[in-house]
Amino acid sequence: MASTQKETPATMNFDKELFKRSVLYNIKTLYRKTLDEASDQQVFQAVSYAIKDQIIDHWLESQKEYEKKDPKTVYYMSMEFLMGRALGNNLINLQAYKPVKEALEELGLDINVVEDQEPDAALGNGGLGRLAACFLDSLATLGYSAYGCGIRYKYGMFKQEIRDGYQIEVPDNWLVDGNPFELRRPEYAKEVKFGGYVAVQQKDGRNLFTQEGYQSVTAIPYDLPIVGYGNGIVNTLRIWDAQPVECFQLDSFDKGEYQKAVEQENLAKNIVEVLYPNDNHYSGKELRLKQQYFFVSASVQEAVAKYMRTHKDIRKFHEKVVFQLNDTHPTVAVAELMRILLDEYYLEWDEAWEVTTKTCAYTNHTIMSEALEKWPIELFSRLLPRIYQIVEEINRRFINKIETAYPGNQEKVRKMAIIYDGQVKMAHLAIAAGFSVNGVARLHTEILKNQELKDFYELMPEKFNNKTNGITQRRFLLHGNPLLADWVTAHVGSDWITDLSKIKKLKVYASDEKAQQEFMNIKYQNKVRLANYILEHNGVEVDPRSIFDVQVKRLHEYKRQLLNILHVMYLYNELKENPDMDFYPRTFIFGAKAAAGYRNAKLTIKLINSVADVVNNDESIGGKIKVVFIENYRVSNAEWIFAAADVSEQISTASKEASGTGNMKFMLNGALTLGTMDGANVEIVEEVGEKNAFIFGLSSDEVIRYENFGGYNPMDIFNNDADIRKVLMQLINGTYNEDTELFRDLYNSLLNTLSTSKADTYFILKDFRSYAEAQKKVGEAYKDEKAWAKSAILNVACSGKFTSDRTIKEYVDEIWHLDKVTLPKKRVTGK
């Protein structure tokens with residue numbers, strides 16, 4: 001891998017002997033062992049601490065430079081940061097991968113085994129958290145001052161196990177061996193208050209508000225280094241842990257008041273226990289709101305405190321600080337900043353509002369209305385009494401603004417008010433207070449402006465803008481696919497590592513037969529690597545010469561994993577009826593976690609595994625179809641999956657996927673997109689050309705038309721298409737499970753069998769034939785290896801737009817207006 005990296009002082013000055021001594025010293029002092037006695041996990045810890053020692057030198061230098069230059073800083077607030085493993089990524093960005101690999105070999109150690117000991121940081125789940133991680137990587141690489149702000153979850157969402165085909169959620173105890181890269185920073189601890197009531201006092205002619213009778217927790221920050229590529233810059237991901245404010249009161253035990261004594265302990269423990277606690281009950285909703293306020297309050301308090309350590313005038317806060325709210329989860333930052341400005345710095349409302357509305361910017365990640373958070377007034381006002389008062393006043397003034405623009409139009413108030421129908425609407429708060437509202441792909445932003453947020457756009461069009469998502473090529477090509485990374489560098493040089501637009505120079509090799517053979521050979525080796533992983537973890541033998549058709553992403557009905565597996569059932573029927581039909585062997589690979597309380601999503605996982613059990617064990621089809629569900633999909637196995645994929649399944653119902661970023665990772669690794677014109681697929685096809693992708697299905701306009709005006713009845717398709725009818729009947733006739741009722745809910749979701757519910761909400765049957773036709777084209781196209789290789793190389797060559805470096809530059813230029821910081825040359829050196 002490392003041959004691809006540019007030679008800089010950081011690589012040239014790396015002292016291998018010092019590093020080796022450091023590893024041996026760490027094993028001795030941490031574990032009282034020699035290298036021969038140390039376990040693989042202990043070796044990983046020792047190597048990580050040796051690397052951390054170098055990182056901290058850069059971290060200190062970066063902070064010194066920031067203190068000296070006082071650049072504007074972005075605080076990227078997110079419930080999720082799906083970071084993946086840190087060691088390999090840090091080595092890549094330090095440009096020390098090759099010398100460290102060699103040093104470890106000299107100690108008799110394999111870097112892959114060492115890296116494999118690190119658990120993925122359980123701080124996120126899906127695209128939202130991975131986007132945040134890519135953004136932090138790009139911010140550091142581009143030299144901008146930035147903090148990621150989140151929660152140090154003890155167990156993350158969950159570790160997924162598949163037992164008897166079902167998803168089982170088990171705690172993901174990722175911190176069991178400690179996290180060698182984190183730094184605990186108790187000196188920046190903050191108190192976060194919940195509940196109680198608001199007391200009002202008069203002083204100097206103004207009301208002073210204080211929260212009384214509250215419960216509180218102490219927020220303790222843990223800092224993780226975010227290493228920029230080859231520039232010496234190290235930024236910070238600050239994740240907050242919760243601790244009780246008071247320790248156990250022994251006299252409470254003596255008096256038998258056990259519950260009271262542990263209350264403080266439990267409050268703190270629960271807040272940081274898991275990501276996205278199940279919120280289909282009241283206590284789950286309450287815990288989610290506590291989590292959001294907890295990390296936002298701590299982050300905003302510290303941002304203000306940090307600013308005031310070196311500045312005098314809080315009214316100029318926005319000149320040096322910007323808060324980017326990653327989806328609606330951190331929106332309470334608006335009211336928290338107002339609270340601090342009003343109650344702690346005694347600004348007048350208009351002064352505080354001006355600072356707040358110049359500080360906060362909002363990224364919308366979804367048009368799914370259920371994901372635009374709303375809180376019951378009763379819960380919100382009880383848990384956050386002062387915050388609720390402030391939101392009430394923001395709402396009152398915002399309604400005045402609406403009524404001034406649209407006199408007497410109560411419908412506009414109903415659609416746009418922040419508090420309405422007994423609910424606090426967080427997206428509305430973010431839009432009212434944010435100076436910028438951005439979507440994450442061009443199509444998504446247009447749908448927001450013309451559909452979901454149309455009223456807001458008409459009132460405040462200047463706030464709305466698009467920032468198409470991106471990914472970091474340093475993790476998803478340089479680290480995840482070293483064979484292809486080296487091949488790219490050999491053909492176009494290494495500038496692509498920090499300027500992905502340079503990868504377009506590969507286009508001239510797309511028609512070169514030698515380049516095509518080399519490319520397909522690399523793809524084959526990556527498929528062998530994944531096939532070995534599948535054999536080890538699933539016990540299923542797959543043929544690396546078959547088409548690897550892959551769908552890996554969160555499991556949600558709109559992402560339509562169900563369409564994919566129904567099509568596999570259809571293909572299986574075809575093969576059973578026509579054993580000699582012309583059919584190119586396929587391996588269908590799935591990976592997805594379903595939310596613990598999402599019944600249909602979990603049932604879809606069971607269906608995929610049930611189909612796999614039947615298909616994989618049917619010798620009569622000669623292994624022409626294999627189905628694999630990869631357990632516990634996460635960043636570390638995703639890197640291998642993207643590298644091995646031939647076909648990238650991006651098959652969401654058009655208009656439902658905001659952007660997608662998996663689609664970009666597949667493209668960068670030379671997979672062809674099979675997808676709808678949804679999210680960023682539209683822009684991918686624009687870049688690579690429609691003949692180098694397989695597009696099918698309804699357009700977003702057609703979907704929206706059906707949703708608004710009706711005219712689609714899935715029963716018509718069921719009645720008129722015998723193949724589809726057969727597949728659907730197999731859900732309930734015992735073909736894939738002897739319990740004929742097991743998949744009844746999936747069957748019912750597709751057909752109007754229950755008059756109480758709308759059927760086939762996501763147009764699976766409507767798009768089925770179009771999807772099957774596109775899949776047929778995939779099989780035909782793959783037979784022409786040269787043409788396929790050409791398309792695959794063009795996908796890599798056209799991926800330049802989709803780097804998070806480009807996205808971040810757009811945020812910087814158009815929203816944040818940050819100052820670039822470059823370290824003095826002498827400081828960018830290794831040890």
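Just so you know, these numbers come straight off a predicted model, no measurement behind them.

Rules of the game
- Residues numbered from 1 in each chain as written.
- Predicted model: local features only at pLDDT ≥ 70, side-chain atom pairs only at ≥ 80, totals over all residues.
- Heavy atoms only, no water.
- Helix = DSSP H or I, 4+ residues; strand = E, 2+ residues; numbered from the N terminus.
- Contact = heavy atoms within 4.5 Å.
- Lys, Arg positive; Asp, Glu negative; His and termini not counted.
- Charge placed at Lys NZ, Arg CZ, Asp CG, Glu CD.
- Pairing = 2+ DSSP bridges.
- Axes fitted to C-alpha atoms, helices over the stretch in contact; angles between N-to-C directions.
- Parallel < 35°, antiparallel > 145°, perpendicular 65-115°, else oblique.
- Left-handed = near helix turned anticlockwise from the far one by under 90°.
- Nonpolar A, V, L, I, M, F, W, Y, C, P; charged D, E, K, R; others polar.
- Buried < 20%, exposed > 50% of the residue type's maximum accessible area, 1.4 Å probe, protein only.
- Polar contact = N/O pair within 3.5 Å; in protein donor to acceptor, adjacent residues only side chain to side chain.
- Core = buried A, V, L, I, M, F, W, Y, C linked by side-chain atoms within 4.5 Å.
- Salt bridge = Lys/Arg side-chain N within 4 Å of Asp/Glu carboxyl O.
- Expected span 1.5 Å × (residues − 1).
- Phe/Tyr/Trp six-rings, centres within 6.5 Å; stacked < 30°, edge-to-face > 60°.
- Disulfide = S-S within 2.5 Å.

## Describing the overall build of the protein chain
Along the backbone of the protein chain there are 34 helices and 23 strands. Its C-alpha atoms give the protein chain principal-axis dimensions of roughly 90 × 75 × 60 Å. For the protein chain, the share of sequence-separated contacts (at least 6 apart) that also reach a separation of at least 24 residues comes to 77%. Across the protein chain, the 103 positively charged side chains and the 116 negatively charged ones have centroids separated by 4 Å.

## Side note on the sheet that holds strand E22 (residues 672-675)
Judged by pairing direction, the sheet is parallel, and its six strands sit side by side in the order E20-E19-E18-E21-E22-E23 without closing on themselves. The two strands at the open ends of the sheet, each matched to only one other strand, are strand E20 (625-629) and strand E23 (694-695). Summarising the sheet, strand E21 (residues 647-650) and E22 pair through four bridges and their orientation is parallel. When the bridges of E22 are listed, Glu649 appears paired with Leu674.

## Overview of the packing of helix H10 (residues 282-310) against helix H12 (residues 333-344)
Packed helix pairs are specified by the crossing angle of their axes together with the interaxial distance, meaning the distance between the axes. Where H10 meets H12, the axes come as close as 9 Å, and the angle between the chain directions of the two elements is 45°. The angle between H10 and H12 falls in the class oblique. The element H10 and its partner H12 pack so that their crossing is right-handed. In contact with Tyr293, Val296, Ser297, Val300, Gln301 and Val304 of H10, H12 contributes Ala333, Glu336, Leu337, Arg339 and Ile340. In terms of residue class, the contact of H10 with H12 is made up of seven nonpolar, two polar and two charged.

## Details of helix H17 (residues 426-433)
Most of H17 is tucked away, with eight of its eight residues classed as buried. Listing the buried residues of H17 in full gives Met426, Ala427, His428, Leu429, Ala430, Ile431, Ala432 and Ala433.

## Some words on the side chain of Thr363
Considering the arrangement of structural elements, one finds Thr363 in strand E12 (residues 360-363). Accessibility expressed as a relative area gives 0% for Thr363, which makes it buried. Polar side-chain contacts of Thr363 include one of 2.9 Å to the side chain of Asn438. Dropping the residues within four chain positions of it, Thr363 is found in contact with Gln324, Leu325, Asn326, Asp327, Asn438, Val440 and Tyr811.

## Describing the sheet that holds strand E14 (residues 419-420)
Ordered in space as E13-E15-E14, the three strands form an open sheet in which the pairing is antiparallel. Two strands bound the open sheet, and with one partner strand each, they are strand E13 (374-376) and E14. Where E13 and strand E15 (residues 423-425) come together, three bridges link them in antiparallel fashion. What sits directly across from Lys374, in E15, is Lys425.

## Structural notes on the nonpolar core
Counting 281 residues, the largest nonpolar core has Phe294, Phe323, Ile625 and Trp816 as its most contacted members. Apart from the residues within four sequence positions on either side, Trp816 is in contact with Lys72, Val74, Tyr76, Leu139, Val322, Gln324, Ile808 and Tyr811.

## Some thoughts on unusual backbone geometry
A positive phi angle, close to 50°, is found at Asp70, a residue other than glycine. Structurally, Asp70 can be placed in the loop between helix H3 (40-69) and strand E1 (73-77).

## Looking at the pattern of salt bridges
Under the definition given, this model contains 63 salt bridges. Here Arg309 and Glu302 are joined by a salt bridge, their closest N and O atoms 2.8 Å apart. Judged by its relative accessible area of 47%, Arg309 falls in the partly exposed class.

## Thoughts on the pairing of strand E4 (residues 166-170)
Relative to E4, strand E3 (residues 159-163) runs antiparallel, the two sharing five bridges. Of the residues in E4, the one forming a bridge with Glu161 is Ile168. The turn linking E3 back onto E4 is made up of two residues, and Asp164 within it adopts a positive phi angle of 55°.

## Remarks on the pairing of E12
With burial as the criterion, each face of E12 is covered, one bearing Cys360 and Tyr362 and the other bearing Ala361 and Thr363. Across four bridges, the pairing between strand E11 (residues 321-326) and E12 is parallel. By the bridge assignment, Asn326 is partnered in E12 with Thr363. By the bridge criterion, two bridges tie E12 to strand E16 (residues 437-439) in an arrangement that is parallel. For Tyr362, the partnering residue across the bridge sits in E16 and is Val437.

## Some details on the packing of H12 against helix H15 (residues 385-405)
Axis separation between H12 and H15 bottoms out at 9 Å; the angle between their running directions is 100°. With respect to each other, H12 and H15 are oriented roughly perpendicular. Between H12 and H15, the contacting residues are Val334, Ala335, Glu336, Met338, Arg339, Leu342 and Asp343 on the first element and Arg386, Ile387, Ile390, Val391 and Ile394 on the second.

## Some remarks on helix H23 (residues 561-577)
With 17 residues, H23 extends 25 Å between its outermost C-alpha atoms, agreeing within 8% with the 24 Å of an ideal straight helix rising 1.5 Å per residue. The element H23 is extensively covered by neighbouring structure, given that 14 of its 17 residues are classed as buried.

## Observations concerning the packing of aromatic side chains
Here the structure, examined in full by the defined rule, presents 25 aromatic pairs. Judged by centre distance (5.8 Å) and plane angle (70°), the rings of Trp487 and Phe519 are edge-to-face. Of this pair, Trp487 sits in helix H21 (residues 482-492) while Phe519 sits in helix H22 (residues 513-538); the two residues are 32 residues apart in sequence, bridging distant segments of the chain. Across the pair, Phe519 and Trp487 agree in class, each one buried.

## Structural notes on the state of the cysteines
A complete count under the given rule lists zero disulfides for this structure. You can see Cys134 has no disulfide; the closest cysteine sulfur is in Cys149, sitting 18 Å from it. Residue classification places Cys134 among the buried residues on the basis of a relative accessible area of 1%. Cys360 takes part in no disulfide bond, and the closest cysteine sulfur to it belongs to Cys149, at a distance of 12 Å.

## Let's talk about the side chain of Arg339
Tracing the chain through its elements places Arg339 in helix H12. Among the polar contacts made by the side chain of Arg339, one reaches the side chain of Glu336 at a distance of 2.8 Å. Setting aside anything within four residues of it in sequence, one finds Arg339 in contact with Tyr293, Gln301, Glu344, Arg386, Ile387 and Ile390.

## A short note on the environment of Ile651
Structurally, Ile651 can be placed in the loop between E21 and helix H26 (662-668). The buried category is assigned to Ile651, whose relative accessible area is 0%. In the structure, Ile651 is positioned 96 residues away from Tyr747 in sequence and 20 Å away in space, judged by C-alpha atoms. For Ile651, the residues in contact, after removing those within four places along its chain, are Gln551, Lys559, Arg560, Leu563, Asn564, Leu674, Gly675, Thr676, Phe696 and Tyr771.

## Topic: the environment of Tyr712
Relative to the assigned elements, Tyr712 resides in the loop between helix H28 (700-709) and helix H29 (714-720). As a C-alpha pair, Tyr712 and Phe763 span 51 residues in sequence and 8.8 Å in three-dimensional space. Filtering out sequence-adjacent residues up to four positions away, Tyr712 remains in contact with Tyr706, Ile717, Asp760, Phe763, Leu765 and Lys766. At 2.5 Å, the side chain of Tyr712 and the side chain of Asp760 are in polar contact. Within the structure, the side chain of Tyr712 is placed 3.3 Å from the backbone nitrogen of Lys766, a separation counted as a polar contact.

## Some points on the environment of Ala96
Tracing the sequence through the fold places Ala96 in the loop between helix H4 (87-94) and helix H5 (97-106). Sequence spacing of Ala96 and Phe588 is 492 residues, and the spatial spacing of their C-alpha atoms is 37 Å.

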